[in-house]
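Each chain is listed here by its residues.
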Amino acid sequence: MDRERPQAQSLREHALAIIRDAITAGDLAEDRIYSAAGLAKELGMSLSPVREAMMSLVTEGTVEAVPNRGFRLVPITEDDLEEIIRIRVLLAVPAVRHLCETAAAAEVAPGVTIAEALARLREHAEATIVAAESGDVAEFYTRDRRFHEALLEFGLGRRAAEISLRLRDQSRLFNVRSEIDDIAVDSARELPRIVDLIEAGKADDAGELVTSNLYFFKRGN
C-alpha cells in the first residue's frame, strides 16, 4: 500500500500542474462548468488524479464545486484582486530583499547558490520576453508564472512560493488578455531588470519594481 502512494501522489501533482497551466494560460473559461471526466479525457489522464487535483483547487479557492455537474473557476472581483496583489507584494518584497542581501557564495536553496538562482531567474525572464514579443499568450502567462515561482522559492522558500502562486492563479482570472499588448510586453521586460537590481544589491529599487510588476493584472483596467 505504501509503495502505491508516491505514484498516486505524483499523478495528482502532475494533473494539478497541467490544470494550473491551463488556468494560467486562459484555456479554462470562467463561465463554463467542467466535469472531472471531461478534463481527464482532454488531458489524456485517468479520472482519479484529475478529480483529486480539482478538489485541491477547490480547497485553495481557485475552483468551486458545482453539485452533480462538475467544477468552475471562482469569479474574482476588483476588490478581491487588490487584496490578492497586496498579499503577494507582502511576500515578494521580502523575497527580493533577502536575495539582495545574500552573500555571493551562499545557497538560497539546497545545492543552489545565489549566482545559480539569478541565472535561472534570468532564463525565466528572457523566456517571458520572447513569449510576449512573439505574441504567444499562453506561453507568456506560463513563463511569467515560472519566474515569480522561482523568485519566491529562492527568496523565501517553497511554502511562500506556493501561497503566492495560489493567489496568482486566482488573480489571473480577473483580466484575461486574449492577445499580447504593450502592457504585457512592458511587464515581461521588467523581469530581467528585477534580476539586475537583485544582482546589484539594490533592495529598495528591486522591491519597488517587483511591486509594480505584480500590479500587471490591474494595468489597463
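Higher on the page you've got the structure.
Residues numbered from 1 in each chain as written. Predicted model: local features only at pLDDT ≥ 70, side-chain atom pairs only at ≥ 80, totals over all residues. Heavy atoms only, no water.

Asker: When you look at the overall build of the protein chain in this model, what are you seeing that I'm missing?
Answerer: A tally of regular secondary structure across the protein chain gives nine helices and four strands. When the helices and strands of the protein chain are listed from N to C terminus, the series reads α-α-α-β-β-α-β-β-α-α-α-α-α. Counting across all 221 residues of the protein chain, residues that qualify as buried make up 47%. At a minimum sequence separation of 6, the contacts of the protein chain that also span at least 24 residues come to 71%. When the accessible surface of the protein chain is split by element, carbon and sulfur atoms take 49% of a total near 11100 Å². (Helix = DSSP H or I, 4+ residues; strand = E, 2+ residues; numbered from the N terminus. Buried < 20%, exposed > 50% of the residue type's maximum accessible area, 1.4 Å probe, protein only. Contact = heavy atoms within 4.5 Å. Areas by Shrake-Rupley, 256 points an atom, 1.4 Å probe, with all protein chains shown as cover.)

Asker: Even after reading the chapter, I still don't get the nonpolar core, so can you show me in this structure?
Answerer: For soluble globular proteins, nonpolar side chains are generally found buried alongside one another. Within the largest apolar cluster, 35 residues are counted, with the highest numbers of intra-cluster contacts made by Leu 99, Leu 121, Phe 147, Leu 151, Phe 154 and Ile 198. Of all the secondary-structure elements, those providing two or more residues to this core are helix 4 (78-101), strand 3 (107-109), helix 5 (114-133), helix 6 (137-155), helix 7 (158-171), helix 8 (182-199) and helix 9 (203-214). If you tally residues by element for this core, the top one is helix 4, at nine residues. In contact with Leu 99, other than residues within four places in its own chain, are Val 108, Ile 114, Leu 121, Leu 151, Phe 154, Gly 155 and Ile 198. Counting 18 residues, the second-largest nonpolar core is a separate cluster that includes Leu 28, Met 45, Ala 53 and Leu 57. (Core = buried A, V, L, I, M, F, W, Y, C linked by side-chain atoms within 4.5 Å.)

Asker: Help me understand the environment of Gly 26, please; the structure alone is not making it clear to me.
Answerer: With respect to the helices, strands and loops of the structure, Gly 26 is situated in the loop between helix 1 (4-24) and helix 2 (36-43). Assessed through its relative accessible area of 33%, Gly 26 is described here as partly exposed. C-alpha of Gly 26 to C-alpha of Val 137: the two residues are 111 residues apart in sequence and 8.6 Å apart in space.

Asker: I would appreciate a short explanation of helix 5 in the present structure.
Answerer: An α-helix turns once every 3.6 residues. As a result, residues three or four positions apart point the same way. For helix 5, spanning 20 residues, the distance from its first C-alpha to its last is 28 Å, which sits close to the expected 28 Å at 1.5 Å a residue. Those residues of helix 5 that fall on the buried side of the exposure criterion are Ile 114, Ala 117, Leu 118, Leu 121, Ala 125, Thr 128, Ile 129, Ala 131 and Ala 132. End-on view of helix 5: buried residues confined to an arc of 165°, all on one side of the axis. Pointing more than 90 degrees away from the buried face of helix 5 are the exposed residues Glu 123 and Val 130. Elements that come into contact with the buried residues of helix 5 comprise helix 4, strand 3, strand 4 (112-113), helix 6 and helix 8. Note on helix 5: the residue one or two positions beyond its end, Gly 135, has a positive phi of about 80°. (Expected span 1.5 Å × (residues − 1). Arc of directions from axis to C-beta.)

Asker: Please explain the side chain of Glu 190 as it appears in this structure.
Answerer: Mapped onto the elements, Glu 190 comes out in helix 8. For Glu 190, a relative accessible area of 9% gives the class buried. Among the polar contacts made by the side chain of Glu 190, one reaches the side chain of Asn 213 at a distance of 2.9 Å. (Polar contact = N/O pair within 3.5 Å; in protein donor to acceptor, adjacent residues only side chain to side chain.)

Asker: Before we go on, may I ask you to explain the packing of helix 4 against helix 7 in this structure?
Answerer: In a pair of packed helices, the angle between the axes and the distance between the axes together describe the arrangement. Close contact between helix 4 and helix 7 brings their axes to 10 Å; oriented N to C, the two are set at 155°. Here helix 7 runs roughly antiparallel to helix 4, going by the angle between their axes. Remark: the crossing between helix 4 and helix 7 carries left-handed chirality. Contact with helix 4, carried on its side by Leu 81, Ile 84, Ile 87, Arg 88 and Leu 91, involves Ala 160, Ile 163, Ser 164, Leu 167, Arg 168, Gln 170 and Ser 171 of helix 7 and no other residues of that element. (Axes fitted to C-alpha atoms, helices over the stretch in contact; angles between N-to-C directions. Parallel < 35°, antiparallel > 145°, perpendicular 65-115°, else oblique. Left-handed = near helix turned anticlockwise from the far one by under 90°.)

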